[in-house]
Amino acid sequence: MTTLEPLETDLWRLGEAGRRRTLRPRRGHDLASNDYLGLAGSDRLRQAVSEALARGVPVGSGGSRLLRGNAEEHEQLEEQAARFFGAKSALFLGSGYAANVLILATLPQRGDLVIHDDLVHASVHEGMRLGRAERTAFAHNDVEAAADALASWRRSGGCGIPWIAVESLYSMDGDQAPLAELAALAEQEGAMLVIDEAHATGVFGPDGRGLAADLEGQDNVVTLRTCGKALGCEGAFILGPSTVRDFLINRGRGFIFSTAPSPLVAATVSEALCVLREEPERRERLHALLRHADRELTKLGLAATGSPIQPVIIGDDRRTMEVASELQELGFDVRGIRPPTVPAGASRLRLSITLNVDNAVITDVATVLGKLL
Ligand code: PMP
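This report concerns the structure included in the present document.

Calculation rules
Within every chain, residues take consecutive numbers counted from 1 along the sequence as written. Where local features are concerned, this predicted model is filtered to residues with pLDDT of at least 70; where side-chain atom pairs are given and counted, the filter is 80 or more; whole-chain, interface and lining totals use all residues. Excluded from the side-chain calculations are hydrogens and water; all other atoms, namely the structure's heavy atoms, are used. For each residue, the accessible area found with a 1.4 Å probe, counting protein chains only, is set against the maximum for its type, and the residue is called buried under 20%, exposed over 50%, and partly exposed in between. Put simply, DSSP H or I for four residues or longer makes a helix, DSSP E for two residues or longer makes a strand, and each gets a number counted from the N terminus. Each pair of strands is called paired provided DSSP finds at least two bridges between the two strands. Orient the strands so they point away from the viewer; a crossover is then right-handed if the path from the first strand over the helix to the second runs clockwise. Note on definitions. A residue lies near a molecule or strand when any single heavy atom of the residue is within 4 Å of it. Each polar contact in these results corresponds to two N or O atoms within 3.5 Å; when the atoms are within protein, one needs to be able to donate a hydrogen and the other to accept it, and residues that are neighboring in sequence are counted only if both atoms are side-chain atoms. Computed by Shrake-Rupley with a 1.4 Å probe, the accessible areas treat only the displayed protein chains as cover when residues are assessed. Ten residues, namely Ala, Val, Leu, Ile, Met, Phe, Trp, Tyr, Cys and Pro, are considered nonpolar, four, namely Asp, Glu, Lys and Arg, are considered charged, and the remaining ones, Gly among them, are considered polar. Think of each axis as a best-fit line through the C-alpha atoms, taken over the contacting stretch in the case of a helix, with angles from 0 to 180 degrees between the N-to-C directions. Residues are treated as being in contact if the distance between any of their heavy atoms lies within 4.5 Å.

### Structural notes on the pairing of strand β6 (residues 192–196)
For step 1, the next point in the chain: For β6, a buried count of five out of five residues is recorded, marking the element as mostly surrounded by other parts of the structure.
For step 2, the next point in the chain: Here β6 shows two buried faces, one formed by Met192, Val194 and Asp196 and the other by Leu193 and Ile195.
For step 3, the next point in the chain: One ladder, built from five bridges, connects strand β5 (residues 162–167) with β6; its direction is parallel. Bridge pairing in β6 links valine 166 to isoleucine 195.
For step 4, the next point in the chain: For the handedness criterion, the β-α-β arrangement of β5, helix α7 (residues 179–189) and β6 is classed as right-handed.
For step 5, the next point in the chain: As paired elements, β6 and strand β7 (residues 221–226) share four bridges and run parallel to each other. Pairing of aspartate 196 across the sheet is with leucine 224, part of β7.

### Details of the site of the ligand
For step 1, the next point in the chain: As a structural note, the neighbourhood of the ligand is formed by Ser95, Gly96, Tyr97, Asn100, His121, Glu167, Ser171, Asp196, Ala198, His199, Thr226 and Lys229.
For step 2, the next point in the chain: Aspartate 196 places a side-chain nitrogen or oxygen 2.6 Å from a nitrogen atom of the ligand.
For step 3, the next point in the chain: Here an oxygen atom of the ligand and a side-chain polar atom of histidine 199 are 2.6 Å apart.
For step 4, the next point in the chain: When the ligand sits alone it has 400 Å² of accessible area, and the protein chains cover 79% of it.
For step 5, the next point in the chain: A per-class count over the shell around the ligand returns two nonpolar, seven polar and three charged.

### A word on the sheet that holds strand β12 (residues 347–352)
For step 1, the next point in the chain: Across the sheet, three strands lie side by side as β9-β12-β11; this open sheet has antiparallel pairing. Lying at the two open borders of the sheet, with one neighbouring strand each, are β9 (309–315) and β11 (335–337). On average, each strand axis in the sheet is tilted by 30° relative to the strand beside it, whichever way the strands run.
For step 2, the next point in the chain: Strand direction decides the pairing type here: β9 and β12, joined by six bridges, are antiparallel. Pairing of proline 311 across the sheet is with arginine 350, part of β12.
For step 3, the next point in the chain: The strands that helix α12 (residues 317–329) touches are β9, β11 and β12; relative to β12, the one it contacts most, it runs at about 30°.

If you want it as structure tokens, here you go:
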């Protein structure tokens, strides 16, 4: 056996199961990105980068935030984000994945319980795996099941702090969490509520402040807002009470031992936040597009999600990838999503609606989909 043989065998098995992944270049109409507001390639953000470079903002941070890496751009951005979203504090991280891992690995303590929606992102799972608290899943969007999980933990002697981890808009299904009921449950149970607003930030809520905009600022709420989706950049904010920020800075290994994000990116994200407030027409155009997509896709018997994420569940892994390839051949960049990203038997096309396409593209892709399915 060669040293790489176990890895090669695993890759071969993935191939046999129709689950082996490869990288593909971007080509065709964008029906796959999370660049919901079309900001990633926008003149406004390009201009912001040029201006930041011209005034001497460094490309690299040079170190961890706790050492030399803490730039003015990080601090200004965090103040701006806390103010914009209405939170007591903000911490800027290099990615949403890193931010979720940091939250779940650091904040829940030994003796606590994390209950999480069945469909939360892989990064939440990764964080919980590293953390010290017990964990248990509850059925997707089922608040009663969440309450039962907490009650049974209490009955069995659990006396720490419960943490409830959910997404506000689910990344692979495009449906929304019952946030008001979850917030009420958290309040009643003395729980902390962790809300991943990755896909809702910039798209929903006043000024694009997300679906959890009205919960922001509460002492038992922590939100995650990624900057690589509607904000068109990269990175993420963890928003919440100042104690949470302070604790992450003192105890969060992923924060302490990692080079700070690029100050240039921080300056660009700052401009993207200004866009959210100053260009509501982007959100209005997106929502008009979403209404059009819902109309076209419901004609095919698909459920309207009212969100930029439109799943087309096919089930079989191989068939999903075949349909995705056929769409790609015809110039539509639609990607197939297979397990483990989604549950077994639930492989799907994930159509993502952004301002990088128009009504005509959506009508065309729906027509082709109708024929292929
Ligand atoms: N949370 C959710 C719900 C996501 O969909 C993603 C991105 N796929 C992340 C977190 C991770 O964010 P990032 O891409 O910035 O690492």
